[in-house]
Amino acid sequence: MAKKAEKGGELILGIASSDDFGAALRGARIMLSSQDADLKYVGALNPAVLFDSAAFVGHSDGDLFPAAASEKLTACKQRVAASGTGESLDLALARSGGTQWFRLWVEPMSPNGNGPGVLCTSIEVTAEKAAEEHLRLALLELAHRSKNLLAVVLSIARQSADESQNLAQFGGRFVGRIQSLALAHDVLTDESWRGATVFSLVRSQLSAFSGTAAAQSTITGHNAYLKPNAVQYVGLALHELIAISVVSGALSVPDGHIEVVSALVPADGDGGADLILTWRETGLPGSTGEKSLFGHALLERIVPAALSGKASLATSAPNTLSYELRIPSSQFF
């Protein structure tokens with residue numbers, strides 16, 4: 001039902017007064033404005049959305065906005081006034097709190113209105129623009145990570161094929177390494193791809209084999225938060241160590257034990273700190289079984305090179321194997 005006009009303002013379309021409309025638009029960050037044939041402002045509802053100053057009536061866009069913005073606005077409004085066809089545009093304005101974005105819809109003045117001119121609806125879309133930029137950057141990051149991941153998978157496939165004697169052997173080695181990558185990605189996904197802790201990464205890789213692997217292992221030390229790149233490569237190293245252990249190491253015998261220790265140590269020369277991740281197995285059987293050339297290359301060369309770190313793999317005492325990976329501070333928080 002139409003509302004009668006009261007003292008507060010003029011009746012608009014038989015619905016509500018201009019004051020009522022202004023109150024409704026303020027919460028939505030929307031401004032309605034009109035300009036005459038000379039593109040001078042005649043009036044506006046909720047002008048604070050777009051104008052820094054309350055004195056806008058009788059002024060043009062060139063008086064109220066920086067040159068680049070006013071030129072864009074004026075050109076659009078001139079086209080609309082000349083063609084009689086509405087247009088829309090997005091406008092960025094530098095404000096004290098940062099850049100604000102506005103979406104404007106410009107329409108020609110109705111022939112039944114107050115003569116030639118334009119009407120404009122302006123709405124702030126800063127949050128929407130920020131979300132669009134975040135999505136754009138996320139897609140670029142996803143494309144970058146996908147390329148890196150495909151390169152890693154291709155390298156794993158090639159190296160696994162080179163060291164395998166038959167298709168069945170290749171399948172076992174290749175699938176296991178890909179599953180290791182998938183586990184690392186699961187951990188990263190749980191953390192929105194910000195990274196993952198050392199402990200959570202070790203536990204996830206151990207859980208892929210059996211409950212026995214976790215039961216025969218202990219994890220102690222500094223639970224550093226690894227960056228995404230480190231999570232992928234440390235995950236691959238852990239998988240390789242566990243796979244070797246299951247075949248011929250501590251996890252191949254009931255009395256074998258694995259100790260994983262994470263510790264901060266002074267970095268060389270820069271006053272920072274590196275992370276030393278140590279894998280130590282005790283109670284190994286007498287026979288070490290078949291050696292995986294790619295597995296050892298992965299542990300001693302590929303992973304440390306990808307992290308700009310260092311690594312060593314050695315049998316430090318009878319029935320004892322140790323692996324030490326030095327991770328620079330650029331790879332963790």
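Everything here concerns the structure above.
Residues numbered from 1 in each chain as written. Predicted model: local features only at pLDDT ≥ 70, side-chain atom pairs only at ≥ 80, totals over all residues. Heavy atoms only, no water.

Topic: the overall build of the protein chain
A count of helical and extended segments in the protein chain gives 9 helices and 14 strands. Across the 333 residues in the protein chain, those meeting the buried criterion constitute 38%. Within the protein chain, counting contacts between residues at least 6 apart in sequence, those at least 24 apart form 52% of the total. If you sum the accessible surface of the protein chain, you get close to 17700 Å²; carbon and sulfur atoms cover 57% of it. (Helix = DSSP H or I, 4+ residues; strand = E, 2+ residues; numbered from the N terminus. Buried < 20%, exposed > 50% of the residue type's maximum accessible area, 1.4 Å probe, protein only. Contact = heavy atoms within 4.5 Å. Areas by Shrake-Rupley, 256 points an atom, 1.4 Å probe, with all protein chains shown as cover.)

Considering the pairing of strand β7 (residues 118-124)
Looking at chain direction, strand β3 (residues 30-35) and β7 are connected through 6 bridges and run antiparallel. Directly across from S33, in β7, lies its bridge partner C120. One ladder, built from 7 bridges, connects strand β6 (residues 98-108) with β7; its direction is antiparallel. The partner of V106 across the bridge, within β7, is C120. (Pairing = 2+ DSSP bridges.)

Here we look at the environment of H239
Turning to its location among the elements, H239 is positioned in helix α8 (residues 228-248). On the basis of relative accessibility, which here comes to 9%, the residue H239 falls in the buried class. Distance from H239 to L206, taken between C-alpha atoms, is 7.9 Å for residues 33 residues apart in sequence.

Some thoughts on the sheet that holds strand β4 (residues 41-45)
Ordered in space as β4-β3-β7-β6-β5, the 5 strands form an open sheet in which the pairing is antiparallel. Two strands bound the open sheet, and with one partner strand each, they are β4 and β5 (87-95). Direction aside, neighbouring strands of the sheet carry axes that sit 25° apart on average. Relative to β6, β5 runs antiparallel, the two being bridged by 9 bridges. (Axes fitted to C-alpha atoms, helices over the stretch in contact; angles between N-to-C directions.)

Quick word on the packing of aromatic side chains
Under the definition given, this model contains 6 aromatic pairs. Ring centres of F51 and F65 lie 5.9 Å apart, and the angle between their planes is 35°; on these two criteria the pair is classed as tilted. Residue F51 is located in the loop between β4 and α2 (61-64), and its partner F65 is located in the loop between α2 and α3 (67-83); the two are separated by 14 residues in the primary sequence. A relative accessible area of 6% means that F51 is categorised as buried. An angle of 45° between the planes, with centres 6.0 Å apart, marks the rings of Y225 and F333 as tilted. Taken together, the positions of Y225 in strand β10 (residues 225-226) and F333 in the segment after β14 (320-327) put the pair 108 residues apart, joining distant regions of the chain. (Phe/Tyr/Trp six-rings, centres within 6.5 Å; stacked < 30°, edge-to-face > 60°.)

Some remarks on the environment of R173
As for its position among the elements, R173 is in helix α5 (residues 167-190). Using a relative accessible area of 18% as the deciding quantity, one classes R173 as buried. Distance in space between the C-alpha atoms of R173 and I156 is 9.2 Å, their sequence separation being 17 residues.

A word on the pattern of salt bridges
A full pass over the atoms with the stated rule returns 16 salt bridges. Note that R29 is salt-bridged to E124, the shortest N-O span being 2.9 Å. With R29 in the loop between α1 (18-28) and β3 and E124 in strand β7, the pair connects residues that are 95 residues apart, well separated along the chain. Given the relative accessible area of 22%, E124 is considered partly exposed. Here D61 makes a salt bridge to K77, at a shortest N to O gap of 2.9 Å. One end of the pair, D61, is in helix α2; the other, K77, is in helix α3, and 16 residues separate them in sequence. (Salt bridge = Lys/Arg side-chain N within 4 Å of Asp/Glu carboxyl O.)

Here's the deal with helix α4 (residues 126-163)
Spanning 38 residues, α4 covers 55 Å between terminal C-alpha atoms, matching the ideal 56 Å at 1.5 Å per step. Among the residues making up α4, those that are buried are K129, V152, I156, S160 and E163. At its buried positions, α4 is contacted by β5, β6, α5, α8 and α9 (293-307). (Expected span 1.5 Å × (residues − 1).)

Focus: the packing of α8 against α9
Axis separation between α8 and α9 bottoms out at 10 Å; the angle between their running directions is 165°. What the angle tells us is that α8 and α9 run roughly antiparallel. At the point where α8 passes α9, the crossing takes the left-handed sense. Facing N229, A230, Y233, V234, L236, A237, E240, L241 and I244 of α8, the residues of α9 in contact are G295, H296, L298, L299, V303, A306 and L307. The residue inventory of the contact of α8 with α9, partitioned by class, reads 12 nonpolar, 3 polar and 1 charged. (Parallel < 35°, antiparallel > 145°, perpendicular 65-115°, else oblique. Left-handed = near helix turned anticlockwise from the far one by under 90°. Nonpolar A, V, L, I, M, F, W, Y, C, P; charged D, E, K, R; others polar.)

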